[in-house]
2 protein chains.
Amino acid sequence: MVSRAESAAATRRALLDSAAELLDEGGPEAVTLRDVAARAGVSRGAPYGHFADKESLLAAVAAEGWERLSNEIAAQSGTPSERVRGALAALVTIGRRHPHHYRRMLGPPAGEEPGKLISASCRTQEEFLAIVSELVDECDVHRYGGLLFTGVSGIIAAELSGHFETGTWRTSADELVDTLVTIIADGRLQAEG
Amino acid sequence: MVSRAESAAATRRALLDSAAELLDEGGPEAVTLRDVAARAGVSRGAPYGHFADKESLLAAVAAEGWERLSNEIAAQSGTPSERVRGALAALVTIGRRHPHHYRRMLGPPAGEEPGKLISASCRTQEEFLAIVSELVDECDVHRYGGLLFTGVSGIIAAELSGHFETGTWRTSADELVDTLVTIIADGRLQAEG
DNA sequence: GATCTCATGTGACGATGTCAACCTAGTGGC
DNA sequence: GCCACTAGGTTGACATCGTCACATGAGATC
């Protein structure tokens, strides 16, 4: 026997997991509220007891992606330079392993309560800034931190859209990420031994 | 009296324009094939005579966005540095004026014939690279050109998602774009007088 | 043990993408 | 100048989907 609260929490969790799976497997158009519910073992109407609508459910999934990235960033070790590279590598990895999830994270906040997704991304970015602050001058933390994060996001987004398979750039996303980090972190102001 | 070919071409154009308008006005979820057709003055089924499906129509709209950007890039004048900044400013402007259109352009190629969208973006990026090649060493053109383009894309994408309104980065998209361009074009290798 | 309270199940409705069949007005051959 | 042809356009129909109002039943509260 399970308490009603436990049962509800389990359902909510199952809905989030099912939605994330379907998103990973078939992209946004494969995420059907009906399929999500079915995979979670509940009926069509059950999700509405936990989420306002489909977009809110997907926003919650995206928010959890930010949480995971935040944890991975916090778990980095080594020199500041290594940790910055590691944090950005975690972002890159999420983008490659879960492209649809990644796009949801970086896309426009949807659903009711868009603030939830925004604040989740904020916490992650603050986590990243904390590492950057050990690497560059105080006055440059936000400028270079923001440039690193949003720049790498753009590079990976371009990769996911196939912009490196065409031969136009004649380079790889990895090389661009490395170039960006090197220019900012190592070349521009080598604040580390 | 109009020839059949002219009429068909006009219908196709009206469909593209209507789709672009609806996309601009209400975002992707507001783009209904029925509404597009109605605004274009034709019936529900008419679009299928010109596009394989809804995604293909939106891909064609996105491709036209790349074409316009390509023209704007080609129209830049001044020093190489000014033209690079102008080209990137054109990208920024599209993102701000037509955020939904912008996201479609940079998003994953959808619909049948994804190659159409890819090749359109390629042409635009080659146009950009042509300018960059006047600014940096030959061996760095693709690396720095790609970094500039994808980096600025990411900065603007972050802005469109509200990541600069939260105070986390404590800076603006404009400053990040300027910082990136300055570091690469002016600071790193000032190949221009 | 009676009642209450939610989480969930179910029926229904409107909207939408898509297709098949039909229609119609330019088009080309005689 | 007439006629069959053809491609673009219209209409009806269908499956699917998000969403809501209502019913239901099992835990929670007294």
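Residues numbered from 1 in each chain as written. Chains lettered and ligands numbered in written order. Predicted model: local features only at pLDDT ≥ 70, side-chain atom pairs only at ≥ 80, totals over all residues. Heavy atoms only, no water.

Enquirer: Before we move on, can you summarise the overall build of chain A with the specific residues and values?
Expert: Each helix and strand counted, chain A has eight helices and zero strands in total. Each helix and strand of chain A, placed in order from N terminus to C terminus, yields the pattern α-α-α-α-α-α-α-α. Viewed in the frame of its principal axes, chain A has a C-alpha envelope of about 60 × 40 × 25 Å. Counting only residues that meet the buried cut, chain A has 48% of its 193 residues in that class. Long-range contacts, defined as pairs at least 24 residues apart, comprise 69% of the intrachain contacts of chain A with a sequence gap of at least 6. Put simply, chain A has 19 plus and 28 minus side-chain charges, and the middle of one group is 6 Å from the middle of the other. (Helix = DSSP H or I, 4+ residues; strand = E, 2+ residues; numbered from the N terminus. Buried < 20%, exposed > 50% of the residue type's maximum accessible area, 1.4 Å probe, protein only. Contact = heavy atoms within 4.5 Å. Lys, Arg positive; Asp, Glu negative; His and termini not counted. Charge placed at Lys NZ, Arg CZ, Asp CG, Glu CD.)

Enquirer: How would you sum up the protein's contact with DNA strand D? Please name residues and give values.
Expert: Every one of the 22 residues lining DNA strand D counts as a neighbour, but Arg34 of chain A together with Thr11, Ser43, Arg44 and His50 of chain B are closest to it. Atoms of DNA strand D within 4 Å of the protein: sugar and phosphate make up 54%, bases the balance. Here a phosphate oxygen of DNA strand D sits 2.6 Å away from a polar atom, N or O, in the side chain of His50 of chain B. Sorting the residues of the surface near DNA strand D by element identifies α2 (33–40) of chain A together with α1 (4–26) of chain B as the ones contributing at least two each. (Near = heavy atom within 4 Å. Polar contact = N/O pair within 3.5 Å; in protein donor to acceptor, adjacent residues only side chain to side chain.)

Enquirer: Summarise helix α7 (residues 141–160) of chain B; cite the residues concerned and give the values.
Expert: With 20 residues, α7 of chain B extends 28 Å between its outermost C-alpha atoms, agreeing within 8% with the 28 Å of an ideal straight helix rising 1.5 Å per residue. Buried residues dominate α7 of chain B, accounting for 16 of its 20 residues. (Expected span 1.5 Å × (residues − 1).)

Enquirer: Lay out the relation of the copies chain B and chain A with the relevant residues and their values.
Expert: Each copy superposes on the other: chain B lies on chain A with an RMSD of 0.0 Å after a rotation of 180° and an axial shift of 0.0 Å. Interpreted geometrically, this transformation is the action of a two-fold axis. Judged by C-alpha distance, Gly154 of chain B is the residue of chain B that lies nearest the rotation axis, at 1.7 Å. Interface residue correspondence from chain B to chain A reaches 100%, placing this contact among same-surface, isologous pairings. (Least-squares fit on C-alpha atoms with pLDDT ≥ 70 in both.)

Enquirer: Tell me about the protein's contact with DNA strand C, and name the residues and values.
Expert: Around DNA strand C sit 23 residues, and of these Thr11, Ser43, Arg44 and His50 of chain A together with Arg34 of chain B come closest. Of all DNA strand C atoms lying within 4 Å of any protein atom, the proportion belonging to sugar or phosphate reaches 51%. Arg44 of chain A is positioned such that a nitrogen or oxygen atom in its side chain is 2.4 Å from a base nitrogen of DNA strand C. In this structure, Thr32 of chain B approaches DNA strand C through a side-chain N or O atom, which is 3.3 Å from a phosphate oxygen. Residue assignment for the surface near DNA strand C shows that the elements contributing at least two residues are α1 (4–26) of chain A together with α2 (33–40) of chain B. By residue number, the principal contributor to the surface near DNA strand C is α1 of chain A, which donates four residues. A per-class count over the surface near DNA strand C returns eight nonpolar, seven polar and eight charged. (Nonpolar A, V, L, I, M, F, W, Y, C, P; charged D, E, K, R; others polar.)

Enquirer: Give me the lowdown on the side chain of Thr168 of chain B, citing residues and values where you can.
Expert: As for its position among the elements, Thr168 of chain B is in the loop between α7 and α8 (173–188). Within the structure, the side chain of Thr168 of chain B is placed 3.0 Å from the side chain of Thr166 of chain B, a separation counted as a polar contact. Contact partners of Thr168 of chain B, with chain neighbours within four places excluded, come to Cys122, Gln125, Glu126, Leu129 and His142 of chain A.

Enquirer: Tell me about the interface of chain B and chain A, and name the residues and values.
Expert: Listed as interface residues are 42 residues of chain B and, on the opposing side, 42 residues of chain A. Taken together, the links from chain B to chain A amount to two salt bridges. Ionic pairing is found between Glu175 of chain A and Arg143 of chain B, a salt bridge with its closest N-O pair at 3.4 Å. If you look at where chain B meets chain A, you find ten residue pairs in polar contact (both at pLDDT 80 or more). Where the side of chain B that touches chain A is concerned, the elements lending two or more residues are α5 (99–106), α6 (114–132), α7 and α8 of chain B. Considering every element that reaches the side of chain B that touches chain A, the biggest residue donor is α7 of chain B, with twelve residues. Taken together, the residues that form the side of chain B that touches chain A break down as 19 nonpolar, 17 polar and six charged. (Salt bridge = Lys/Arg side-chain N within 4 Å of Asp/Glu carboxyl O.)

Enquirer: Describe the packing of α1 of chain A against helix α3 (residues 54–74) of chain A, and please don't skip the residues or the numbers.
Expert: Residue and element names in this part refer to chain A. Two elements in contact, α1 and α3, have axes separated by 10 Å at closest approach and are oriented at 85°. Taken together, α1 and α3 sit at an angle that is classed as roughly perpendicular. Of the residues in α3, those touching α1 at Arg13, Leu15, Leu16, Ala19 and Ala20 are Leu57, Ala60, Val61 and Glu64. Partitioning the contact of α1 with α3 into residue classes produces seven nonpolar, no polar and two charged. (Axes fitted to C-alpha atoms, helices over the stretch in contact; angles between N-to-C directions. Parallel < 35°, antiparallel > 145°, perpendicular 65-115°, else oblique.)

Enquirer: Outline the domain arrangement of chain A, listing residues and values.
Expert: Residues and elements named next belong to chain A. Each assigned domain of chain A is listed here: domain 1 (1–50) and domain 2 (58–188). Distance from the C-alpha centre of domain 1 to the C-alpha centre of domain 2: 28 Å. Between domain 1 and domain 2, the residue contacts involve ten residues of the former and eight residues of the latter. Together domain 1 and domain 2 conceal approximately 790 Å² of surface at their shared face, both sides included; 67% is due to carbon and sulfur atoms. When residues of domain 1 are sorted by the area they lose upon contact with domain 2, Leu16, Leu23 and Asp24 head the list and together hold 58% of the total. Linking Glu64 and Arg13 is a salt bridge whose minimum nitrogen-to-oxygen distance equals 2.5 Å. Summed over the shared surface of domain 1 and domain 2, the result is two residue pairs in polar contact (both at pLDDT 80 or more). Its residues assigned to classes, the side of domain 1 that touches domain 2 comprises six nonpolar, two polar and two charged. (Domains from an automatic or database assignment. Buried area = accessible area lost by both parts, 1.4 Å probe.)

Enquirer: Could you give an account of the nonpolar core, naming the residues involved and the relevant values?
Expert: In globular proteins that are soluble, nonpolar side chains generally tend to be buried together. Counting 84 residues, the largest nonpolar core has Leu69 and Phe128 of chain A together with Leu69 and Phe128 of chain B as its most contacted members. When sequence neighbours within four positions are dropped, the list of residues in contact with Leu69 of chain A reads Ala90, Leu91, Ile94, Met105, Thr124 and Phe149 of chain A. (Core = buried A, V, L, I, M, F, W, Y, C linked by side-chain atoms within 4.5 Å.)

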